[in-house]
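Structural features, examined
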Amino acid sequence: MSVNQQAHTGPPYGQPQPGYQGYQQPAYGGQSLPGVPQAQYGAYNGPVPGYQQPVPPQGYFPSLGFPSKGSPVSLNSDTSSLAPNFIGSLRAPPTSGAPPPASGASHPSGHLAYSQFDHGDVQNGIPASAAPVQRPPASQPFLPGSAPTPVSQISTFQQYGPPPASVQQLRNHMAGMTIGGTAASAPPPAGLGYGVGPSSYPPTTGAPRPPAMPGPPLPGQTVAGPPSSQPNHISSPPPPSTMAGLHPGPPMSGLHGPPPPTHPPQPGYQMQQNGSFGQMRGPPPNYGGAYPGAPNYGSPPGPPPPPKRLDPDSIPSPQLNELPPQQKPRHRIDPDAIPSPIQVIEDDRNNRGSEPFVTGVRGQVPPLVTTNFLVKDQGNASPRYIRCTSYNIPCTSDMAKQSQVPLAAVIKPLAALPPEETVPYLVDHGESGPVRCNRCKAYMCPFMQFIEGGRRFQCCFCSCVTEVPPHYFQHLDHTGKRVDFYDRPELSLGSYEFLATVDYCKNNKFPSPPAFIFMIDVSYNAVKSGLVRLICEELKSLLDYLPREGNMEESAIRVGFVTYNKVLHFYNVKSSLAQPQMMVVSDVADMFVPLLDGFLVNVNESRTVIASLLDQIPEMFADTRETETVFAPVIQAGLEALKAAECAGKLFIFHTSLPIAEAPGKLKNRDDRKLINTDKEKTLFQPQTSFYNNLAKDCVAQGCCVDLFLFPNQYLDVATLGVVPYQTGGSIYKYAYFQLETDQYRFLNDLRRDVQKEVGFDAVMRVRTSTGIRATDFFGAFYMSNTTDVEMAGLDCDKTITVEFKHDDKLSEDSGALLQCALLYTSCAGQRRLRIHNLSLNCCTQLADLYRNCETDTLINYLAKYAYRGVLSSPVKTVRDALINQCAQILACYRKNCASPSSAGQLILPECMKLLPVYLNCVLKSDVLQPGPEVTTDDRAYVRQLVTSMDVAETNVFFYPRLLPLTKADVDSDSLPAAIRNSEERLSKGDIYLLENGLNIFVWVGVNVQQGLIQNLFGVSSFSQISNALSTLPVLENPFSKKVRAIVDMLQGQRSRYMKLIIVKQEDKLEMLFKHFLVEDKSLSGGASYVDFLCHMHKEIRQLLS
Ligand SMILES: [Zn+2]
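Rules behind the numbers
Residues numbered from 1 in each chain as written. Predicted model: local features only at pLDDT ≥ 70, side-chain atom pairs only at ≥ 80, totals over all residues. Heavy atoms only, no water. Helix = DSSP H or I, 4+ residues; strand = E, 2+ residues; numbered from the N terminus. Buried < 20%, exposed > 50% of the residue type's maximum accessible area, 1.4 Å probe, protein only. Contact = heavy atoms within 4.5 Å. Areas by Shrake-Rupley, 256 points an atom, 1.4 Å probe, with all protein chains shown as cover. Pairing = 2+ DSSP bridges. Axes fitted to C-alpha atoms, helices over the stretch in contact; angles between N-to-C directions. Core = buried A, V, L, I, M, F, W, Y, C linked by side-chain atoms within 4.5 Å. Polar contact = N/O pair within 3.5 Å; in protein donor to acceptor, adjacent residues only side chain to side chain. Parallel < 35°, antiparallel > 145°, perpendicular 65-115°, else oblique. Left-handed = near helix turned anticlockwise from the far one by under 90°. Nonpolar A, V, L, I, M, F, W, Y, C, P; charged D, E, K, R; others polar. pLDDT = per-residue confidence, 0-100. Salt bridge = Lys/Arg side-chain N within 4 Å of Asp/Glu carboxyl O. Donors = N, O, S within 2.8 Å, 3.2 Å for Na, K, Ca; no water. Tetrahedral: all angles 85-135°; square planar, octahedral: opposite > 155°, others 65-115°. Expected span 1.5 Å × (residues − 1). Phe/Tyr/Trp six-rings, centres within 6.5 Å; stacked < 30°, edge-to-face > 60°. Lys NZ or Arg CZ within 6 Å of the ring centre and 35° of its normal. Disulfide = S-S within 2.5 Å.

Our focus in this paragraph is the overall build of the protein chain. Each helix and strand counted, the protein chain has 24 helices and 28 strands in total. Burial analysis of the protein chain (1106 residues in total) assigns 64% to the buried set. Counting contacts in the protein chain only where the partners sit at least 6 residues apart, residues at least 24 apart contribute 78% of the total. Surface summary for the protein chain: the accessible area is close to 37,300 Å², and the carbon and sulfur share equals 53%.

The antiparallel open sheet is built from four strands, whose spatial order is E4-E6-E22-E20. Edge positions in the sheet fall to strand E4 (386–388) and strand E20 (773–779), since each has one partner strand and no second. Neighbour-to-neighbour, the strand axes of the sheet open up by a mean angle of 25°, direction not taken into account. Across five bridges, strand E6 (residues 407–411) lies against strand E22 (residues 801–807) in antiparallel orientation. Residue pairing across strands places Leu407 opposite Phe805, the latter belonging to E22. Across the sheet, helix H16 (residues 856–870) touches E4, E6, E20 and E22, and the angle it forms with E20 is around 60°.

The biggest cluster of nonpolar side chains holds 145 residues, and the ones touching the most others in it are Leu568, Phe570, Ile653, Tyr851, Leu929 and Phe1018. If you tally residues by element for this core, the top one is helix H17 (residues 876–897), at 11 residues. Excluding residues that lie within four positions of it along the chain, Ile653 makes contacts with Met519, Tyr564, Phe631, Val634, Ile635, Val706, Asp707, Leu708 and Phe709.

In terms of burial, E6 is a largely internal element, five of the five residues being buried. Going residue by residue along E6, you find Leu407, Ala409 and Ile411 tucked away on one face and Ala408 and Val410 tucked away on the opposite face as well. Here three bridges tie E4 to E6, and the two strands are oriented antiparallel to one another. Counterpart to Ile386 in the pairing with E6 is Ile411.

The subject of this paragraph is the side chain of Thr720. Structurally, Thr720 can be placed in helix H12 (residues 718–721). Taking the relative accessible area as the measure of exposure, Thr720 reaches 0% and is therefore buried. Polar contacts involving the side chain of Thr720 include one to the side chain of Arg670, which spans 3.3 Å. Here Thr720 is in contact with Leu667, Arg670, Gln686, Pro687, Gln688, Thr689 and Tyr692, once residues within four sequence places are set aside.

Moving on: the packing of helix H10 (residues 632–645) against helix H11 (residues 691–702). Here H10 crosses H11 at 20°, and the two axes come no closer than 10 Å. Classed by the angle they form, the pair H10 and H11 counts as roughly parallel. The way H10 lies across H11 gives a crossing that is left-handed. For the pair H10 and H11, the contacting residues are Ala632, Ile635, Gln636, Leu639, Leu642 and Lys643 in the first and Phe691, Tyr692, Leu695, Asp698, Cys699 and Gln702 in the second. Class assignment of the residues belonging to the contact of H10 with H11 gives a composition of eight nonpolar, two polar and two charged.

This part covers the pairing of strand E25 (residues 962–965). Side-chain alternation along E25 places Arg962 and Leu964 on one buried face and Leu963 and Pro965 on a second face that is also buried. In this sheet, strand E26 (residues 992–996) lies alongside E25 in antiparallel orientation, the contact comprising four bridges. Counted as the bridge partner of Pro965 is Tyr993 from E26.

Once that is clear, we can look at the sheet that holds strand E27 (residues 1000–1005). Sheet strands pair via backbone hydrogen bonds, and the direction of the pair is either parallel or antiparallel. If you walk across this open sheet you meet the four strands as E25-E26-E27-E28, and the pairing is mixed. Each edge of the sheet is formed by a strand with only one pairing partner; in this case those strands are E25 and strand E28 (1060–1065). Geometrically, the sheet is characterised by an average inter-axis angle of 20° between neighbouring strands, direction not taken into account. In this sheet, E27 lies alongside E26 in antiparallel orientation, the contact comprising five bridges. Looking at the pairing, Leu995 lines up with Phe1002 of E27.

Taken over all residues, the pLDDT of the protein chain has a mean of 78, while the share at 70 or more is 70%. Below a pLDDT of 50 lies the segment residues 1–19, which in the model reaches 62 contacts outside its immediate sequence neighbourhood of four places, other chains included. In this model residues 26–330 is a low-confidence stretch, pLDDT under 50, and it forms 762 contacts with partners more than four residues away in sequence or in other chains.

This model, assessed by the stated rule, comprises 48 salt bridges. With a closest N to O distance of 2.5 Å, Arg384 and Glu421 form a salt bridge. Here the residue Arg384 occupies a position in the loop between strand E3 (375–376) and E4, and Glu421 occupies one in the loop between E6 and strand E7 (426–427), the gap between them amounting to 37 residues. Residue classification places Arg384 among the partly exposed positions, given a relative accessible area of 22%. Among the ionic pairs, Asp796 bridges to Lys757, the shortest N-O distance being 3.5 Å.

This paragraph deals with the coordination of the zinc ion. Only Cys437 (SG), Cys440 (SG), Cys459 (SG) and Cys462 (SG) from the protein reach the zinc ion as donors, at distances of 2.2 to 2.3 Å. Angles of 100 to 116° at the metal separate the four donor atoms of the zinc ion, which places the site in the tetrahedral class. Summarised as a motif, the one-chain spacing of the donors to the zinc ion is C-x2-C-x18-C-x2-C. Taken together, the positions of Cys440 in the loop between E7 and strand E8 (449–451) and Cys459 in the loop between strand E9 (456–458) and strand E10 (465–467) put the pair 19 residues apart, joining distant regions of the chain.

What follows covers the packing of H17 against helix H18 (residues 916–924). With their axes 11 Å apart at the nearest point, H17 and H18 run at an angle of 175° to one another. As summarised for this structure, H17 and H18 are arranged roughly antiparallel, according to the angle between their axes. Within the contact between the two elements, H17 uses Arg880, Leu883, Ile884, Cys887, Ile890 and Leu891 and H18 uses Leu916, Pro917, Leu920, Val923 and Leu924. Across the contact of H17 with H18, the residue classes tally to 10 nonpolar, no polar and one charged.

Spacing of three or four residues puts side chains on the same side of an α-helix, whose turn is 3.6 residues. In a regular helix each residue adds 1.5 Å, so 17 residues correspond to 24 Å; helix H14 (residues 740–756) covers 22 Å between its end C-alpha atoms and thus fits that length. Burial analysis of H14 places 14 of its 17 residues in the buried class, which makes it a mostly covered element.

For the rest of this paragraph, the subject is the packing of aromatic side chains. Following the criterion strictly, the structure yields 33 aromatic pairs and no others. Geometrically, the ring pair formed by Phe485 and Tyr486 is edge-to-face, given 4.8 Å between the ring centres and 90° between the ring planes. A ring pair is formed by Phe691 and Tyr692, whose centres lie 5.7 Å apart and whose planes are at 80°; its orientation type is edge-to-face. If you follow Arg384 out to its NZ or CZ, it ends over the ring of Phe373, 5.1 Å from the centre. The ring of Phe1023 carries the charged tip of Lys1065 above its face, separated from the ring centre by 5.4 Å.

With that settled, the discussion passes to helix H4 (residues 341–352). Here H4 is 12 residues long and its end C-alpha atoms lie 16 Å apart, about the 16 Å a rise of 1.5 Å per residue gives. Those residues of H4 lying buried are Pro341, Ile342, Gln343, Val344, Ile345, Glu346, Asp347, Asp348, Arg349, Asn351 and Arg352. Tucked inside the fold, the buried residues of H4 contact strand E2 (357–358), H18 and E25. Between the side-chain oxygen of the N-cap and the backbone nitrogen of Ile342 there are 3.2 Å, and the N-cap of H4 in question is Ser340.

Residue Glu452 is not a glycine yet carries a positive backbone phi of 50°. Residue position: Glu452 is located in the loop between E8 and E9. With a phi close to 50°, Glu646 is a non-glycine residue in the positive phi region. Tracing the backbone shows Glu646 in the loop between H10 and strand E16 (649–655). We classify Glu646 as exposed; its relative accessible area is 54%.

What follows is about the state of the cysteines. Overall, the coordinates contain zero disulfides when judged by the stated rule. A disulfide-free cysteine, Cys395 has its sulfur positioned 5.1 Å from the sulfur of Cys843, the nearest such atom. We classify Cys395 as buried; its relative accessible area is 4%. Here Cys854 stays free of any disulfide, with the sulfur of Cys912 as its closest cysteine sulfur at 6.6 Å.

Right, let's get into the environment of Phe711. Position of Phe711 relative to the elements: it lies in the loop between strand E17 (704–710) and H12. For the pair formed by Phe711 and Ala526, sequence separation is 185 residues and the distance between their alpha carbons is 8.1 Å.

Shown next as structure tokens:
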């Protein structure tokens, strides 16, 4: 083998095009399902010609020779013979067939020895010159022009002097601030947003029906084209000189350099933000010339404004005159003078939303997650894949400890990208596989240093020198760069994929395509609610939308079906059968799969048999009286089926109740609200048996991922049932008190998205770091059998893993710090791949540099996950106190080391962390850490697990919901109305608002809203006629209705789950539920208001400093 550019034997390189020609891009081609907001996903499937396709005559035999001891039953069209009574007679233990394979005996012990894979010979792709690519036209407008001009932000430079003494006063004040006289002491609301029970809603009977469920998916519009439609690799011009100027000198030059490019203009650490929150980016009126506008990163910073401070007792509240008389306490802290999340978000959007974020510079802080921006990969992974708590990390462990700023990265390895961005190129080095460092096994990346004329390279992670394999050799140019630098993704991009060789496969065998198994609870509740029929109807069309590789005509994924209550029913849907066959397994103690041939099938081949089965299932169980269910045996059955088929896959389990039937994994109702606020509260979050942990381990070994859809009418122990989904990288969805009319649309949207989304199987992730730091802790939905490898049976595009780093040596400012995240996984077509993300960070010897380059949203993501894990082992109060203490230390360290001397009465926050107090308070008063009386144990366990896999954008809106005044929306533009702060005092009785947090959308209607608006939005003539049982907004032909529905659709499209829509009328009892999400206010469960909490933090900081 010689140098690169030789002919390729592997998967072909595509059509030549500018940029990385022909690097195969694993795009999921295809179309969207109607009704599934797809804003953030590329659709996956191609048009499917409906359901009428002729069935191929030949059956599909996935594998043979599986022992059977079940009893085959033909599913005749005469379903009466399969009425539950009859089924009952089949429950007797099967008598025929060989014994099942010893269950649990054969887990492939092949936890992948990741680090042992060797590198070898390498082939390479055809280089081509890179061409610049035009920026796509305007990014979506998102809170545009109409900035929320909060009244006189010029109240800058105030301080938060009046601490504890005024707290009570403020509390009283806040409590008195209600809009329509709804006393803050009103009875607590019943039910919570994500698990609202019937008690919290008026009965929905008689409520208007939601719009009819959309029919089967239509072959559609947005077929993601072949690679040619992809934006080409962007080889942008060199970073603008202004950018270079922002990183003065080779290493960061200490304290007095200009600020980092991507940050709010903050010239020099000595410029504290003592109270001047908001309006920092734009040309603030008061700043005069101090700030030269500095709208975009890249602009040179201006001289610092003179620090201004005011005496605590002389805070003029600029709004005072505008407040009603009863709201004018003497030393009131002006809410407009404390840092406003809305302002920070708005400023970042204005300053950073217009330019693409180019990743060529080390340690750049990306725009906020709330800003719409494009990313150009020039050597570092996009922030859509990795975000860090700080992009400039302390050189020493002592510094890190002193600051208490956690060093963590939030990684979303398979994140979906907007259509304008390029999905990672797939690099195929043929049989030799990727080039790696001999010692630490890091993968070839842009930071490897080629030396000795290109014959060797020095590892950027461990410094070991490795021989370049002969076929990978290339000459260096005069700067020491390989001449093929721009032709190889692994040399010039932050993110790319390698096609894995057989060495990276389990048992040294290339994997089979994965399988999806649908497992439907057919007990009394599931049948009676209409759920079973709904699922079966939906699957008939949804199965045509299974994920497939971009260039494949049909999905490679096979499907299987199981129904269950106390026993399990397996179905043979082999294409050669005239009718499906059922096999009942009643021996749930030792689960086995009674058939293999005909259980997992190709959808197209078995189309008519599957359709027949899905028609018959609801009929077969229509009269069931069985109320008890099993659960663990269901998972075991799916696991055994995947084992027998020797493939990875996903189980979709639709389950309704606490599994109390006699079976392994049987549970008892152990819910006990009396444990709240006791030392035993943690047991509510812990599984009640270790059985499921062991099962999860077996599932992970097989690549069996579990997605769980729950439909409980009462406690069903999410903490225990969630163990397997959680540890296998799966998802949990919960629809409490499921009612067909109000919940089907949401459930079906979730199901469609869940089935279609990009997912990798049998995944192992490792994060390598350069010498000096290492990954020490991991948060997310996964399993770990050792201290370094994160294993996930499945990993989808929404799942995030948060990784914490600690020092194990000194870092240097010169070399910075590097992360490389390598994810080995099996694609939906069964291809084994490695996805690599690289990120380079700066290192500092001055604390000010650390504080200048932090990202609070990411910090909150980490802190929430850390705290939510803490409740498993510590009393909730301990966890809360630890959080407060850590944040106080972070801020005190800044005050002590980075701020210039000032009176102790001043609260001085770092610019990048000025929202830390308000966001932290939201975490502290969240349902997991401080539940209100209406929050159920299952709700808490559910949210705890959800948050653990959230990315930064999701935690941001989850903890600080987005509140939009709908009546301020411009019906003639595509934009959203400017958001407002989450406080009741911001609401006006004459307006309608929308609040979303990623799980719910509330539409709040003030009592004084004009009749015309009510008519236009709800189609009724008065406030009193608005039904709060609506689960969707009526479709009315007027601009306001269209605008609001467009906003709702847009928001739904931005979230990974379909949000529940809840209509709230002011002064209605549901309003208490809504107020729970006005997170700047004091909460009913005792959570502090923002103002109170800020005072409290100030006190804590002062104590630490004194
Ligand atoms: Zn190395």
